[in-house]
Amino acid sequence: MLNKLIISSSLVISLAGTPLLANANDDVYAKFPVTLKEYKGTKTNTVSYSGQIARHTLHDSLKKLAGKGNGKPNSELRAQMMSYFSGKEGGRSIIAPASKGDFIVKQVNVDQISKKKNISGKTYKGTINGMPNNMTGPELVKFWIEKASSANKGVDRANGYNYPQLISKFIIGGMMYNQAVDNYLDEKLSADTKPNNKPYKKGAHYTGKEHSWDEGFGYFGAPAHTLTLTPADVYAIAKRKKGAIKKADYNGDGKVDLKTEMTFAPAYYASGYDKAGKGKSYLHTITKAFLVGRKLIASVGGEKLTDQQRALLREYAAVIAKNWEMVLAESVHKYAGSVYNDMEKLKTIMDAKGDTTKMESKYLKHWGELKGFALGLQTGKGNLGETATKLNRMIGAGPVLINSSQVVDIDSKSNYVRDQANWGEYMLHMAKVQKLMVDKFGIKVRTKSITGDLASLAKKLGAGNTAEND
Amino acid sequence: MDTVILEYFRSLSEPFFDPQKRVFIGYLGCAFIIALGVQLCLLGLSLREAIYAIFCRKVWFSASALADYKLLLINHFLMMGMGPRLISKLALATLVFETLHYWFNGRTIIFPDMPGWAIASAFAVALFILDDASKYLVHRALHRWPVLWAFHRVHHSAETLTPLTVYRTHPAEAFIFSLRGIVVHAGVIGSFIFCFGERVELLTVLGVNVLLFVFNVTGANLRHSHVWITYGRFVEHFLISPAQHQIHHSVHARDHDRNFGVILAIWDWMGGSLSLAGHRQRLRFGVADRTAKDHSLKNLYLVPLTVATRAVATPLLRDIPKMTHSLFLFLRCLRSTGGLAFMVGLLTHSSAAISSELNIYSHRQPFLIKPFVEAYESQTGTKINIVYASKGLAQRLQAEGNRSPADVILTVDIARLHVYADKDLLAPILSPVLTANIPEHLRDPENRWFAFSKRARILAVSKRLENINDIQNYEDLANPKWGGRVCSRPGSHVYNRALVASVIYALGSSAAEAWAKGVFGNLARRPQGNDRAQVKAIFEGQCDIAVINNYYFGKLKYSNKPEQRAWAGAVNLIFPNQNGRGTHINISGGGVAKYSANKVEAQSFLEFLTSRKAQDLYASVNFEYPVNTQVPLPNQLASSGNFKEDRMPIARIAELAPEAQRIIDRVRW
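Quick notes on the rules
Residues numbered from 1 in each chain as written. Chains lettered and ligands numbered in written order. Predicted model: local features only at pLDDT ≥ 70, side-chain atom pairs only at ≥ 80, totals over all residues. Heavy atoms only, no water. Helix = DSSP H or I, 4+ residues; strand = E, 2+ residues; numbered from the N terminus. Rg over C-alpha atoms; globule rule 2.2 N^0.38 Å. Buried < 20%, exposed > 50% of the residue type's maximum accessible area, 1.4 Å probe, protein only. Contact = heavy atoms within 4.5 Å. Areas by Shrake-Rupley, 256 points an atom, 1.4 Å probe, with all protein chains shown as cover. Lys, Arg positive; Asp, Glu negative; His and termini not counted. Charge placed at Lys NZ, Arg CZ, Asp CG, Glu CD. Axes fitted to C-alpha atoms, helices over the stretch in contact; angles between N-to-C directions. Parallel < 35°, antiparallel > 145°, perpendicular 65-115°, else oblique. Core = buried A, V, L, I, M, F, W, Y, C linked by side-chain atoms within 4.5 Å. Bend = angle between axes of the 7 residues up to and from the residue. Buried area = accessible area lost by both parts, 1.4 Å probe. Salt bridge = Lys/Arg side-chain N within 4 Å of Asp/Glu carboxyl O. Polar contact = N/O pair within 3.5 Å; in protein donor to acceptor, adjacent residues only side chain to side chain. Domains from an automatic or database assignment.

(A) How the structure looks around the overall build of chain A. A count of helical and extended segments in chain A gives 15 helices and 4 strands. Against the 2.2 N^0.38 benchmark of 23 Å for 470 residues, chain A shows a C-alpha radius of gyration of 23 Å, consistent with a compact globule. By its C-alpha atoms, chain A is 75 × 75 × 45 Å across when sized along the principal axes. Every one of the 470 residues in chain A was classed for burial, and the buried ones make up 59%. Sequence separation of at least 24 residues holds for 72% of the intrachain contacts in chain A that already meet a minimum separation of 6.

Here it is as structure tokens:
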């Protein structure tokens, strides 16, 4: 049923996309006029998602800070991280994304984008079953911040944790994805929640539905002019590559406005899989669905949406949610492959009694990315049930370390508890995690597939059902 | 329906355009050219005569050939349905790939500098050789086993041979061929991808394994023809010529069961079934017991089934009177002893006597606690349900909170028991029975958990070791004289971490770290495997000393597997530190779940576990020592004798575990 819905929505989007591209301005998620009938002010543009962009910068900055520890308890660093995670105070500078070479970023302070914003208030409040002790999303991030503040450059080699990656990747799911698909594109699409014939809040010049939809788009983190760019362009903007400013600077002021011209995490990963050129178009599908949905809302001229219009909007939302979920599942697939490859290289080095330090760092980084994405994937609006249980069991609470141990628990004093683990079995778990992503989410790009070569060779050798006799 | 018909004809024509199939038009063309060459050059026929000989009407339109065509048409229809139901090659290759991970504890990069062409060549050769060898074996079995010959006879009943005779096959045989191909291909693919990863390529021509391509273009289709081509005595020891295969089809008794090979003749040569072609022969094809109806559909499809069934059923039928007689004797015996009534009564009693239920969450494997459960159930009538998991039960209990159905927690090792207490998942129990039966140092000071059995961490020392007196204490393990002679599982395993904690308790942190560093420095190999694997390593001569839990030795010594008994026979046991603090012990134990709705019954079960009956079971089931000092040492442990145990409060081990872990990490054990 869901697939049918998605197919029908995709059709609608592709049809709607044709006239959309006829006019350059039509491709851009910007400048939708005021439709609110009771509005008497002077504002003319209702598009607004600066709160979400502020949170993107808080997230990027927190990730940077998480890698600043020197291996000793550091209360100052901890407090700084907490201010980016749960504080609302003014004066927080944007540590990332910052200017780099010719890539000049317009804003240097979070307040220049939006004031009094934090991450914790918007992080998934449910229990995170993939880690011990039934912590909620904010509790888990707080726990990691505590650990990161005393880790060396954010990495705890003894227990196998790379905190910047864990924190960042989890927030990509637990805040950005969760808020978009479980809040703005779900609850806030109900008839009586944030209706379209009333302001989002008292005094606002945009309607409830207009702003809810914008906030969902804001969390996706794509430049407003994404549909005028290729996935490679959008990817280059996130990387702040040389020359990428030409693609980012849509208004031509020589600077990148983080509010509208920057690529943030979810859109960055979507563009990454699209640019692999395997026929998927997560970035443009999601962006287009947002844009078409926004046009639909604007087209009703400040009237309350009919049930039919809301149903159509929900179809667009389903396209966004499904594709976004697939982007996260692609990431789990990709990093499970990276972890497997790293383990293969580590075992080769260990067998040769070589120095594993460098390879181990890569391994822990990739594992942190895998775990963070895997936990984030579970924070969507649907309960993944058995899929989540399998995922959590196979990935475990920590990576299998080179001394064949693995974190299996956290005690009441926040000490990690480890036990013996099996290297070969864990490598296999990575292959099974990939299979789970393919089977349950239908992902197509399948970066770093562990058994992909098996499939291609098996195919080359033919089906085998033959009646030839000798 | 139209779609099915169209699909049928499309797929029927497919083999003629698929270079992976023998009857690909390109290969048929090659065969024709070779056959023509032979007729013109070797036999001196005119072109017209040669073409007439190759496409002889008596061959291509004989009753036998017509039967070939019918089989082709019908089998193809049947295979269309069977194909998807066969086990997938990819699934089996994945299974091989996964199994190899278990065997080799992961995967390493093999021959990183090996050039791609060498890997591709090795892959093509391995595939070719195993494919051909397995075809030989299957073919031989088809001839030698009566049940399989019943099906293969269909192929051999052909009296004229054409390239399409390759499809004269009973569906059951086709199934065997398919399975063979899948198993061989999957095995080779899974193994090569495991060894070489993405570097494996298939050397192909037109998408076909290059060696198979060569075989097909050099006249493979002439195997089933009347064109006599030999390779000469020498070559025919290595390659099967078309003439050799025609001999295989000969009706003559001297040719029976000869030349099973497809491409290589070496299998027949090794297996004593090789027959060289020699001079041109006029062969008659078919089977010795031919009948006039051999080419009827009934004979081609149904008769093989009845013959095969008879081949399987005859020995079984012979045994039926014997089995019936045994059953009759058994029933008469039951009747005379009133056993039937007894069994009925027992069943009735068990269901009637169940008065309450107890739910156990267990880290201990079901077979280890089943005897206790059965003993308790029969004593009290309480029904016991067990949830078993090696990992994650504490998290599950925590997540369930006050909705948890768990009454009793059973686990091994103080570290794991401590997890439950630490997470506040156990209820304190005030039981005079438990207090009396369990020594103070083996129970929680706050009465949340209790030990039910003890396991000693002892030394297994090779019988080859001469100076055994030099290794009497744990401290001796760090002596540099044992450099490269000690085996151990990883330090982070709870058993070793507990041992390090006990050393910290006895000697202090610094001394413990120096000791752990010394032990790690003496290791003969990277820490790996379980305690059994350490004893095996001693048996194999990889090391001479290992630290193991005592019950592993008992399990090996009394194992059903002879090789495991041999491992146990290779070592002597030493209970360390008998002249000092005693041997380090750990426990198996349990407690009552905090939110148990049945705490009285749960407590009663725990008390039962410390009773004489249950304490004896710990020894007989798992070679563990009783905690109840009133219970004498069971016979199973008597040979090891009593030993002096380290009586440090077991709870301290859990408290010192984080420090022990830090030491283990620092010394990289």
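(B) The overall build of chain B, seen in detail. Looking only at helices and strands, one finds 27 helices and 12 strands in chain B. Relative to the 2.2 N^0.38 estimate, which gives 26 Å for 669 residues, the radius of gyration of chain B is 36 Å and therefore markedly larger than a compact globule would have. If you line up chain B on its principal axes, its C-alpha atoms span 110 × 70 × 50 Å. Residues counted as buried form 52% of the 669 residues belonging to chain B. In the form shown here, chain B has an accessible surface area of approximately 31000 Å², with 63% of it arising from carbon and sulfur atoms. Where the 71 positive side-chain charges of chain B centre and where its 50 negative ones centre are 7 Å apart.

(C) Up close: the packing of helix α2 (residues 25-42) of chain B against helix α10 (residues 210-217) of chain B. Residues and elements named next belong to chain B. For the pair α2 and α10, the least separation of the axes is 8 Å and the interaxial angle reads 45°. With respect to each other, α2 and α10 are oriented oblique. Contact with α2, carried on its side by Y27, C30 and I34, involves F213, N216 and V217 of α10 and no other residues of that element.

(D) Molecular detail of helix α25 (residues 612-622) of chain B. The set of residues buried in α25(B) consists of B:A614, B:Q615, B:L617, B:Y618, B:A619 and B:N622. Within two residues after α25(B), B:F623 carries a phi angle of roughly 55°, on the positive side.

(E) Inspection of the nonpolar core at higher detail. A:W144, A:W213 and A:W324 are the most contacted members of the largest nonpolar core, which has 163 residues in total. In this structure, B:Y376, B:A451, B:W482 and B:A651 belong to the second largest nonpolar core, which totals 107 residues.

(F) Broad picture of helix α5 (residues 163-184) of chain A. At A:N178, α5(A) shows its largest bend, some 45°. In terms of burial, α5(A) is a largely internal element, 22 of the 22 residues being buried.

(G) View of the interface of chain B and chain A. Listed by partner, the interface residues are 71 residues for chain B and 54 residues for chain A. Around 5300 Å² of area is buried between chain B and chain A when both sides are counted, 52% of it from carbon and sulfur atoms. Our enumeration of links across chain B and chain A arrives at 5 salt bridges. Run the count over chain B and chain A and you get 22 residue pairs in polar contact (both at pLDDT 80 or more).

(H) Summary view of the domain arrangement of chain A. All names here are of chain A. Entries for chain A in the domain assignment read domain 1 (2-322) and domain 2 (332-457). Measuring from the centre of the C-alpha atoms in domain 1 to the corresponding centre in domain 2 gives 27 Å. Tallying the contact residues gives 40 residues for domain 1 and 39 residues for domain 2. With both sides pooled, the region where domain 1 packs onto domain 2 buries about 3200 Å², and carbon together with sulfur makes up 61% of that total. Three residues, R157, N159 and Y161, lead the burial of domain 1 against domain 2; their summed loss comes to 18% of the area buried on that side. Taken together, the links from domain 1 to domain 2 amount to 3 salt bridges. Note that E369 is salt-bridged to K169, the shortest N-O span being 3.5 Å. Taken together, the links from domain 1 to domain 2 amount to 12 residue pairs in polar contact (both at pLDDT 80 or more). Broken down by secondary-structure element, the contributors of at least two residues to the side of domain 1 that touches domain 2 are α4 (137-149), β1 (155-156), β2 (161-162), α5 and α9 (265-274).

(I) Molecular detail of the pattern of salt bridges. Residues and elements named next belong to chain B. The final tally for this structure, using the stated rule, is 51 salt bridges over all chains. Between E624 and R364 there is a salt bridge, with the nearest N and O atoms lying 2.9 Å from each other. Highlighted residues: E624 in the loop between α25 and β12 (625-626) and R364 in the loop between β3 (357-362) and α15 (366-380), separated in sequence by 260 residues. By relative accessible area, which is 6% here, R364 ends up buried. Close ionic contact of E475 with R581 constitutes a salt bridge, the shortest N to O distance being 2.8 Å. Separated by 106 residues along the polypeptide, E475 in the loop between β7 (450-462) and β8 (486-487) and R581 in the loop between β10 (571-574) and β11 (585-593) bring together distant segments of the chain. Relative accessible area serves as the criterion here: at 28%, E475 is assigned to the partly exposed category.

(J) A look at the environment of A:M81. Residue and element names in this part refer to chain A. Looking at the secondary structure, you find M81 in helix α3 (residues 75-85). Judged by its relative accessible area of 0%, M81 falls in the buried class. Separated by 16 residues in sequence, M81 and L65 have C-alpha atoms that sit 6.4 Å apart.

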